[in-house]
Amino acid sequence: MLELPSSSRAATLLAQVRERRPRVHCLMNTVVQKFTADGITVVGGIPSMTSSIEEIESFVAKADALVVNLGTLDRARREVIRLAVDVANAAGKPWVLDPVHCDYSPSRLAFANELVALGPAIVRGNTAEMSLFEETGSPVRICTGPVDRLADDGRSVRIANGHRWMAAVTGTGCLTGGVIAAFMAVEPDTLVAAASALVVTGVSAELAAREAKGPGSFGVAFLDALSEVGAGDLLQHARIEDDQN
Amino acid sequence: MLELPSSSRAATLLAQVRERRPRVHCLMNTVVQKFTADGITVVGGIPSMTSSIEEIESFVAKADALVVNLGTLDRARREVIRLAVDVANAAGKPWVLDPVHCDYSPSRLAFANELVALGPAIVRGNTAEMSLFEETGSPVRICTGPVDRLADDGRSVRIANGHRWMAAVTGTGCLTGGVIAAFMAVEPDTLVAAASALVVTGVSAELAAREAKGPGSFGVAFLDALSEVGAGDLLQHARIEDDQN
Amino acid sequence: MLELPSSSRAATLLAQVRERRPRVHCLMNTVVQKFTADGITVVGGIPSMTSSIEEIESFVAKADALVVNLGTLDRARREVIRLAVDVANAAGKPWVLDPVHCDYSPSRLAFANELVALGPAIVRGNTAEMSLFEETGSPVRICTGPVDRLADDGRSVRIANGHRWMAAVTGTGCLTGGVIAAFMAVEPDTLVAAASALVVTGVSAELAAREAKGPGSFGVAFLDALSEVGAGDLLQHARIEDDQN
């Protein structure tokens, strides 16, 4: 029987990320590159961010996992994403697809569908984005929002952590994609890895909201919390529910 | 007789932005994309940021207003700006031109003049930038600084809100352009919309400065304040002066 | 005999930067453009950031010093860097080379070596990056880390200021490159200029850490501290050591 995610598993994986310091390469929209890099760093990983076609193979070769984020997508970036995915697939490295705003642009949606066919370990988006993809059954699907829903072929889970200010800070979803990749690098069960990452980011957001006065200071406190969040916080605050029934 | 802006109008328009959540597409320099997106979000709008030529038509079609910011301007970006402006003009959507640093580069100034001829609703810059444009009379002209000056064919207004730390945080002017666009989306009288947006950002800056210890924490507190600023703050602190006489 | 850097020299140069407001043009990776621009501004300089080939000559012509940072390096950026360096060299303007992550990519390392041959005033990197360059003797070499080491043909100095959270905030090294450039603009002795800049950033980091709760709030407090740090702080906290013996 397939394992279900839990707060104690999340705590164990967080400790492993902090110890092993996985490298995460991000093909990340230009808007939130620093915020995402900071998030990966403070949670324990090592980010890199180039989108240069001449360099991408070397950077993916050094990475343990890959994030493909479709924000600020132009022709050059499509090309580099295709190459990065080829290199990751050939090396058996897991990658997350984040089809940001594919509901805004037919050409971006078409590209997202092309990438889904190349076998990402995870597709993660909001409700509007995720409703555009056919049920493929194969990769882990994550629909983030006030409650995150994760599903693969045999499991379906809800995570009810987080805070409304996450939606007021540009890039918390993109940053979360980076944290998920860091967790995939230390845990082969993709759904367990992703759920654990979402518990860590969601609980950190709740801790951050207590320190913050608004969305600006929340964004800052969120990084502090991702750096400090511990097993005790996860065991106490994680809200993971089996969504099967 | 043309209406003059007022603190109560600013308060009403702020409430409308928060209720209607206008979409603002930004062709924004790569330096301050996140800060601008965060500013538009916390004031109540929905930002988007792509500069991809393949996607721009879809994004502008979804937007209620457009910001054209000339920072980090290269050939590809000129091309995408021209297309975005065509789409916005054809659909009757208002756009703001922010000719950042056009005083640094003759090629950028030439491009700014090309765009002015295409009919932006507003041209907004600092004194050095704005002194380079001919008096055209037609669009609203805004010269921001310690005191902001706004003028159109029949009106001339000064807004004396703000704080010196705004000049120490890269992108407050660019962010202000985004907030102006959000206000234009809910108010067809461009000068009233822009003046109201400047009152909101200026009063928010004053509130933020009380919470901050320096320019770093000011930038964060500014986002908090933009999210929290209310009608009472605007009525109490707005400094709008008729500049006609 | 060559002058050695000192806390009082650092204080004098900081005052000069604040008074003269040098212009620093940055060919900066897209990840940390705003953080670097904010750092240069709060320390007293005036940053600019375009990487457009059509504009770079005008911007470098206006600048007092140049930062060439190799993050997010693509073909267009190589081209613009070559042109910027030509313009800077022809005009006798000093430039810093920051070979970010050249240990990740052979093509980036090759380009870094091409640039070293063009005579930067300073090459600054971390241990992994700096170990890849031949001893050339000529420019000032800076290896930053928990202790910064600076050397030129006749001098060798260690600076033991800073805080571990600097490594948890993406871009503190890049920002430091920008501050070094601002100091080079007011002081022709490159090693003294760079050491003074590193004392200013290192002491500011120590002051910031006292205000911060984690790496997120540290990044914000670091900008506040760079803006506020004074001669008294430098005289009290600078840890500069002669590394000759």
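These lines cover the structure that appears in this document, whether it is placed above or below. All figures in this text were calculated on a predicted structure; none of them were measured in a lab.

### Thoughts on the interface of chain A and chain C
Each side of the interface is counted separately: chain A has 25 residues, and chain C has 26 residues. Both faces considered, chain A and chain C share a buried interface measuring about 2,000 Å² in area, 53% of it formed by carbon and sulfur atoms. At the surface where chain A touches chain C, the tally comes to five salt bridges. Linking E54 of chain A and R75 of chain C is a salt bridge whose minimum nitrogen-to-oxygen distance equals 3.7 Å. Applying the counting criterion to the chain A and chain C interface returns 12 residue pairs in polar contact (both at pLDDT 80 or more).

### Quick look at the packing of helix α2 (residues 33-43) of chain C against helix α7 (residues 172-184) of chain C
Residue and element names in this part refer to chain C. Across the interface, α2 lies against α7 with an axial gap of 8 Å and an inter-helix angle of 40°. Considered as vectors, α2 and α7 are oriented oblique to each other. In this structure, the crossing between α2 and α7 has a hand that is right-handed. Across the interface between the two elements, F35, T36, G39, I40 and V43 from α2 touch T172, C174, L175, G178 and V179 from α7. The residue inventory of the contact of α2 with α7, partitioned by class, reads six nonpolar, four polar and no charged.

### What to know about the pairing of strand β5 (residues 122-125) of chain C
Residues and elements named next belong to chain C. Side chains of β5 alternate between two faces, with I122 and R124 and V123 and G125 buried alike. Bridging between strand β4 (residues 95-98) and β5 involves two bridges; their strand directions are parallel. Bridging from a neighbouring strand, V96 pairs with I122 of β5. Read as a crossover between parallel neighbours, the route from β4 over helix α5 (residues 106-116) to β5 is right-handed. Judged from the four bridges that link them, β5 and strand β6 (residues 140-143) form a sheet pairing that is parallel. Residue pairing in the sheet places V123 in a bridge with R141 of β6.

### What to know about the environment of P215 of chain B
Positionally, P215 of chain B belongs in helix α9 (residues 215-228). Through-space distance from the C-alpha of P215 of chain B to that of M166 of chain B is 7.8 Å; in sequence the pair is 49 residues apart. Residue contacts for P215 of chain B: discarding those within four places in its chain leaves W165, A168 and V169 of chain B together with V42, D224 and S227 of chain C.

### Details of the pairing of β6 of chain C
All names here are of chain C. Side-chain alternation along β6 places V140 and I142 on one buried face and R141 and C143 on a second face that is also buried. Inspection of the sheet shows β6 paired to strand β7 (residues 148-151) by three bridges, in the antiparallel sense. Bridge pairing in β7 links C143 to R149. Between the antiparallel neighbours β6 and β7 lie four residues.

### A closer look at the packing of aromatic side chains
Overall, the coordinates contain nine aromatic pairs over all chains when judged by the stated rule. When the centroid spacing of 5.8 Å and the interplanar angle of 10° are considered together, the rings of F218 of chain B and F222 of chain B count as stacked. Note that F218 of chain B and F222 of chain B are positioned in helix α9 at a spacing of four residues, about one turn of the helix. Taking relative accessible area as the criterion, F222 of chain B reaches 0% and is therefore assigned buried. Among the aromatic residues, those joined into a ring-pair cluster are W165, F218 and F222 of chain A.

### Let's talk about the relation of the copies chain C and chain B
When chain C is fitted onto chain B, the two copies agree to an RMSD of 0.0 Å after a turn of 120° and an axial shift of 0.0 Å. Seen this way, the second copy is the image of the first under a three-fold rotation axis. Nearest to the rotation axis, the C-alpha of T30 of chain C is located 3.9 Å from it, this being the minimum over chain C. The two copies present different faces, since only 4% of the interface residues in chain C are matched by interface residues at the equivalent positions in chain B.

### What to know about the sheet that holds strand β2 (residues 46-48) of chain B
Residue and element names in this part refer to chain B. Pairing is mixed across the open sheet formed by nine strands, whose spatial order is β2-β1-β3-β4-β5-β6-β7-β8-β9. A single partner strand is all that each edge strand has here, and the edge strands are β2 and β9 (240-242). Looking at each pair of strands side by side, their axes are set apart by 20° on average, direction ignored. Sitting on the sheet, helix α5 (residues 106-116) is in contact with β3 (65-69), β4 (95-98) and β5 (122-125), with an inclination near 160° to β4.

### Points about the pattern of salt bridges
Counting across every chain of the model gives 48 salt bridges over all chains. Residues E54 of chain C and R78 of chain B are paired through a salt bridge, measuring 3.9 Å at the closest nitrogen-oxygen approach. With E54 of chain C in the loop between β2 (46-48) and α3 (56-62) and R78 of chain B in helix α4 (residues 75-91), the pair connects residues from two separate chains. Between E187 of chain C and R9 of chain C there is a salt bridge whose closest N-O contact spans 3.0 Å. With E187 of chain C in the loop between α7 and α8 (190-211) and R9 of chain C in helix α1 (residues 7-20), this residue pair connects regions lying 178 residues apart in the sequence. Exposure remark for E187 of chain C: the relative accessible area of 10% places this residue in the buried category. One salt-bridge network, held together by shared partners, links E54 and E55 of chain A together with R75, R78 and R108 of chain C.

Calculation criteria
- Residues numbered from 1 in each chain as written.
- Chains lettered and ligands numbered in written order.
- Predicted model: local features only at pLDDT ≥ 70, side-chain atom pairs only at ≥ 80, totals over all residues.
- Heavy atoms only, no water.
- Contact = heavy atoms within 4.5 Å.
- Buried area = accessible area lost by both parts, 1.4 Å probe.
- Salt bridge = Lys/Arg side-chain N within 4 Å of Asp/Glu carboxyl O.
- Polar contact = N/O pair within 3.5 Å; in protein donor to acceptor, adjacent residues only side chain to side chain.
- Axes fitted to C-alpha atoms, helices over the stretch in contact; angles between N-to-C directions.
- Helix = DSSP H or I, 4+ residues; strand = E, 2+ residues; numbered from the N terminus.
- Parallel < 35°, antiparallel > 145°, perpendicular 65-115°, else oblique.
- Left-handed = near helix turned anticlockwise from the far one by under 90°.
- Nonpolar A, V, L, I, M, F, W, Y, C, P; charged D, E, K, R; others polar.
- Buried < 20%, exposed > 50% of the residue type's maximum accessible area, 1.4 Å probe, protein only.
- Pairing = 2+ DSSP bridges.
- Right-handed = clockwise from strand over helix to strand, strands pointing away.
- Phe/Tyr/Trp six-rings, centres within 6.5 Å; stacked < 30°, edge-to-face > 60°.
- Least-squares fit on C-alpha atoms with pLDDT ≥ 70 in both.

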